[in-house]
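Here are the chains, one letter per residue:
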Amino acid sequence: MSRAVLSLGANLGDRAAALRAAITALEDDGVLVARSTLYETPPWGPVEQPPYLNAVVVVRGDRDAAGWLARAHELEQAAGRTRDVRWGPRTLDVDVVTVTGDDDRPVHSDDPALTLPHPRAHERAFVLVPWDSLDPTAVLPGRGRVSDLLAALPPEDVAAVVRWEHLH
Ligand SMILES: Nc1ncnc2c1ncn2[C@@H]1O[C@H](COP(=O)(O)OP(=O)(O)OP(=O)(O)O)[C@@H](O)[C@H]1O
Ligand SMILES: Nc1nc2c(c(=O)[nH]1)N=C(CO)CN2
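For clarity, every value in this text was computed on a predicted model and none was experimentally measured. (Residues numbered from 1 in each chain as written. Chains lettered and ligands numbered in written order. Predicted model: local features only at pLDDT ≥ 70, side-chain atom pairs only at ≥ 80, totals over all residues. Heavy atoms only, no water.)

Asker: Break down the site of ligand 2 for me, citing the residues and quoting the values.
Answerer: Surrounding ligand 2, one finds G9, T41, P42, P43, W44, Y52, N54, W87, R90, D93 and F126. In this structure, T41 approaches ligand 2 through a side-chain N or O atom, which is 2.7 Å from a nitrogen atom. Here a nitrogen atom of ligand 2 sits 2.8 Å away from a polar atom, N or O, in the main chain of P42. Summarising the interface, the protein chains cover 97% of the accessible area of ligand 2, which totals 330 Å² for the free molecule. Judged by its atoms lying within 2 Å of the grid points, ligand 2 is housed in the largest pocket. Residues that form the shell around ligand 2 fall into these classes: 6 nonpolar, 3 polar and 2 charged. (Near = heavy atom within 4 Å. Polar contact = N/O pair within 3.5 Å; in protein donor to acceptor, adjacent residues only side chain to side chain. Areas by Shrake-Rupley, 256 points an atom, 1.4 Å probe, with all protein chains shown as cover. 1 Å grid on protein atoms, 1.4 Å probe; cavity = no way out; pocket = protein on both sides within 12 Å on 5 of 7 lines; lining within 4 Å. Sits in = over half its atoms within 2 Å of the grid points. Nonpolar A, V, L, I, M, F, W, Y, C, P; charged D, E, K, R; others polar.)

Right under this line is the structure:
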């Protein structure tokens, strides 16, 4: 058994439907522990593109880290993901942020095919805001408490991550 934190993002097509379908699929797998609400977030990175909807989920189940990545890829495929420009627009992106074993030890990996913890999560308000909202005690292994990482980001980056679900 392991526990994983997954970051979900979409900025093409029916963004909310893609995120909700992925979350429902994880629920149907029997692995969903917690989910954030959906947030609208400005695009992070060098590519000019539409705003994203993002969410974070916590899952627990009988998979290892590679197994969670494989499931993430299946969910992306199910959402019809085709484009693959790095940091470019997509119908669904599922990143594995961190995986912990039953001993509570975080998995560390430098493999480019699966780097853990995710090497850019600590600088992404679109990951940290939803994650902090669903678990205010969360820790990103090797980086510190999620609430402290958020406090270290430019306030305007954090303020730009807006709860979306209650508006719709
Ligand atoms: N922790 C991780 N979670 C998801 N994918 C990862 C991870 N570490 C490495 N990868 C690899 O990154 C590859 C490219 O993924 P993707 O196209 O989603 O990157 P990206 O979302 O554009 O960038 P970023 O990784 O900065 O979010 C995937 O095929 C996967 O094998
Ligand atoms: N706000 C936001 N920006 C992004 C996202 C994302 O999920 N949310 N995913 C990206 C793909 O690498 C690139 N930029």
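Back to the write-up after that little detour.
Asker: Can you break down the UniProt feature "domain: 7,8-dihydro-6-hydroxymethylpterin-pyrophosphokinase" (unreviewed entry) in the chain residue by residue, with the values?
Answerer: Here, the residues flagged by UniProt with the feature "domain: 7,8-dihydro-6-hydroxymethylpterin-pyrophosphokinase" (unreviewed entry) are residues 86-97. Regarding residues 86-97, the helix share stands at 0% and the strand share at 42%, and the terminal C-alpha atoms are separated by 17 Å. (UniProt positions renumbered as here; feature names shortened; annotations may be inferred. Helix = DSSP H or I, 4+ residues; strand = E, 2+ residues; numbered from the N terminus.)

Asker: Which residues make up the layout of surface pockets, and what values do they have?
Answerer: Here the largest pocket is characterised by a volume of approximately 640 Å³. Taken together, 31 residues make up the lining of the largest pocket; nearest its centre are R90, D93, D95, H118 and R120. For the lining of the largest pocket, the element with the most residues is strand 5 (residues 93-101), which contributes 4 residues. Of the residues in the lining of the largest pocket, the class split is 14 nonpolar, 8 polar and 9 charged. Taken as a whole, the second largest pocket encloses approximately 200 Å³ of empty space. As for the second largest pocket, its lining consists of R3, V5, T98, T100, D104, P106, W131, D135, T137, A138, V139 and P141. Listing elements by their share of the lining of the second largest pocket, those giving two or more residues are strand 1 (2-10) and strand 5. A class-by-class count of the residues in the lining of the second largest pocket yields 6 nonpolar, 3 polar and 3 charged. (Points joined across faces, edges and corners; volume = space filled by probe spheres on them.)

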